[in-house]
Amino acid sequence: MADAEKKAPPTTDAPAEEQKVVRKKKIKRTLPRARVCIHAGENNTIVTFTDMEGNVIGWSSSGSSGFKGTRKSTPYAAKVAAESACLKVKPYGIETVDVEVKGLGPGREQAIRGLQTSGLNLESIIDTTPIAHGGCRPTGRRRV
């Protein structure tokens, strides 16, 4: 009875078609010039490479470079993050960069030095840190 209960799997008459997975080849263009946005916060430093239109090419941060906790907010971590971001965008052939720095964190200067040590020519350095202007008009005192 055990042999009768076991049935062979049903066979299909159609031949087994192997479906080929077609992958698009990622086209990496060469960019002679790019923009680097450095966000130097109190707890982390983020370095982002974009083309001149603002499309992100590659990025790195102190946290993604392997630093945790209070070591993320050190100038050395910012330098390492800038160098690792340069390695990620090396296939694009970037030679000169425009640097935009935002924030007042401890990694401002060292992130720029990290870009210089990796062999990039710095065309300009622009500070885009937002400046408070006094804000909106405060609400009036409650009258009952």
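Everything below is about the structure shown above.
Residue numbering note: each chain is counted from 1, following its sequence as written. Residue-level local features of this predicted model are given only where pLDDT is at least 70; pairs of side-chain atoms are given and counted only at 80 or more, and the full residue set underlies all totals for whole chains, interfaces and linings. Neither water nor hydrogens contribute to the side-chain values; these are computed over all heavy atoms in the structure.

Visitor: I'm lost on the sheet that holds strand 1 (residues 33-40) in this one. Help?
Guide: Strand-to-strand pairing in sheets goes through backbone hydrogen bonds, with the strands running parallel or antiparallel. An order of 3-2-1-4-5 is seen for the five strands of this open sheet, with the pairing classed as mixed. Edge positions in the open sheet fall to strand 3 (56-61) and strand 5 (121-127), since each of these has one partner strand only. Averaged over all neighbouring strand pairs, the angle between strand axes comes to 20°, with direction disregarded. Pairing between strands requires that DSSP locate at least two bridges from one strand to the other. Numbering of helices and strands runs from the N terminus; a helix is a DSSP stretch of H or I covering at least four residues, while a strand is a stretch of E covering at least two. Across six bridges, strand 1 lies against strand 2 (residues 45-50) in antiparallel orientation. The axes are straight lines fitted to the C-alpha atoms, using for helices just the contacting stretch, and the angles between their N-to-C directions are given from 0 to 180°.

Visitor: Just checking my understanding: could you explain the environment of Ala78 for this structure?
Guide: Along the chain, Ala78 turns up in helix 2 (residues 75-88). Here the term buried applies to any residue with accessible area under 20% of the maximum for its type, exposed to any over 50%, and partly exposed to those in between, with areas from a 1.4 Å probe on protein chains only. A relative accessible area of 0% places Ala78 in the buried class. For Ala78 and Ser62, which are 16 residues apart along the polypeptide, the C-alpha to C-alpha distance reads 5.8 Å.

Visitor: It is not clear to me how the pattern of salt bridges should be interpreted in this structure. Could you clarify?
Guide: A pair can form between side chains of opposite charge whenever their charged atoms are brought close. A side-chain nitrogen of Lys or Arg and a carboxyl oxygen of Asp or Glu constitute a salt bridge if their distance falls within 4 Å. Counting across every chain of the model gives three salt bridges. Ionic pairing is found between Glu100 and Arg35, a salt bridge with its closest N-O pair at 3.5 Å. Here the residue Glu100 occupies a position in strand 4 (residues 96-102), and Arg35 occupies one in strand 1, the gap between them amounting to 65 residues. Residue Arg108 is joined to Asp127 by a salt bridge in which the shortest nitrogen-to-oxygen separation is 3.6 Å. A residue pair is termed long-range when its members are at least 10 positions apart, and Arg108 in helix 3 (residues 108-117) and Asp127 in strand 5 qualify at 19 residues. The exposure class assigned to Arg108 is buried, which follows from its relative accessible area of 17%.

Visitor: Explain the packing of aromatic side chains to me, please; I cannot follow it from the model alone.
Guide: For any pair of aromatic rings, the description consists of the separation of the ring centres together with the inter-plane angle of the planes. The rule is short: rings of Phe, Tyr and Trp, with Trp giving its six-membered ring, pair when the centres are within 6.5 Å, and they are stacked under 30 degrees, edge-to-face over 60, tilted in between. In this structure the tally under the stated criterion is one aromatic pair. When the ring of Phe67 is compared with that of Tyr76, the centres are 6.0 Å apart and the planes differ by 85°; the resulting orientation is edge-to-face. Look at Phe67 and you get buried, because its relative accessible area is 14%. Look at NZ for Lys and CZ for Arg. If either is within 6 Å of the ring centre and within 35 degrees of the ring normal, a charge sits over the ring. Positioned over the ring face of Trp59 is Lys88, at 5.3 Å from the centre of the ring.

Visitor: Honestly, helix 3 in this entry has me stumped. Any pointers?
Guide: Here helix 3 has its buried residues at Arg108, Ala111, Ile112, Gly114 and Leu115. End-on view of helix 3: buried residues confined to an arc of 155°, all on one side of the axis. Lining the buried residues of helix 3 we find strand 1, strand 2, helix 2, strand 4 and strand 5. In the segment just after helix 3, Gly119 is the residue with positive phi, at about 95°. To be clear, the arc concerns the directions from the helix axis to the C-beta atoms. Residue contacts follow a heavy-atom distance rule, with two residues in contact if any of their heavy atoms lie within 4.5 Å.

Visitor: How do you make sense of the nonpolar core when you look at a structure like this?
Guide: The tendency in soluble globular proteins is for nonpolar side chains to be buried side by side. Residues belong to a common nonpolar core when they are buried Ala, Val, Leu, Ile, Met, Phe, Trp, Tyr or Cys residues joined through side-chain atoms within 4.5 Å. Ranked by size, the top nonpolar core spans 21 residues in total, and within it Ile38, Phe49, Ile94, Val97 and Leu115 carry the most contacts. Of all the elements in the fold, those that place two or more residues in this core are strand 1, strand 2, helix 2, strand 4 and helix 3. In terms of residue count, the dominant contributor to this core is helix 2 (four residues). With residues up to four places along the chain from it excluded, the contact list for Leu115 reads Val36, Ile38, Phe49, Ala82, Cys86, Val99, Leu120 and Leu122.

Visitor: Explain the environment of Val101 here, please?
Guide: One can find Val101 in strand 4. Using a relative accessible area of 3% as the deciding quantity, one classes Val101 as buried. Sequence spacing of Val101 and Ile38 is 63 residues, and the spatial spacing of their C-alpha atoms is 4.8 Å. Non-local contacts of Val101, meaning those with residues more than four positions away in its chain, are made with Ile38, Arg108, Ile112, Ile125, Ile126, Asp127, Thr128 and Thr129.

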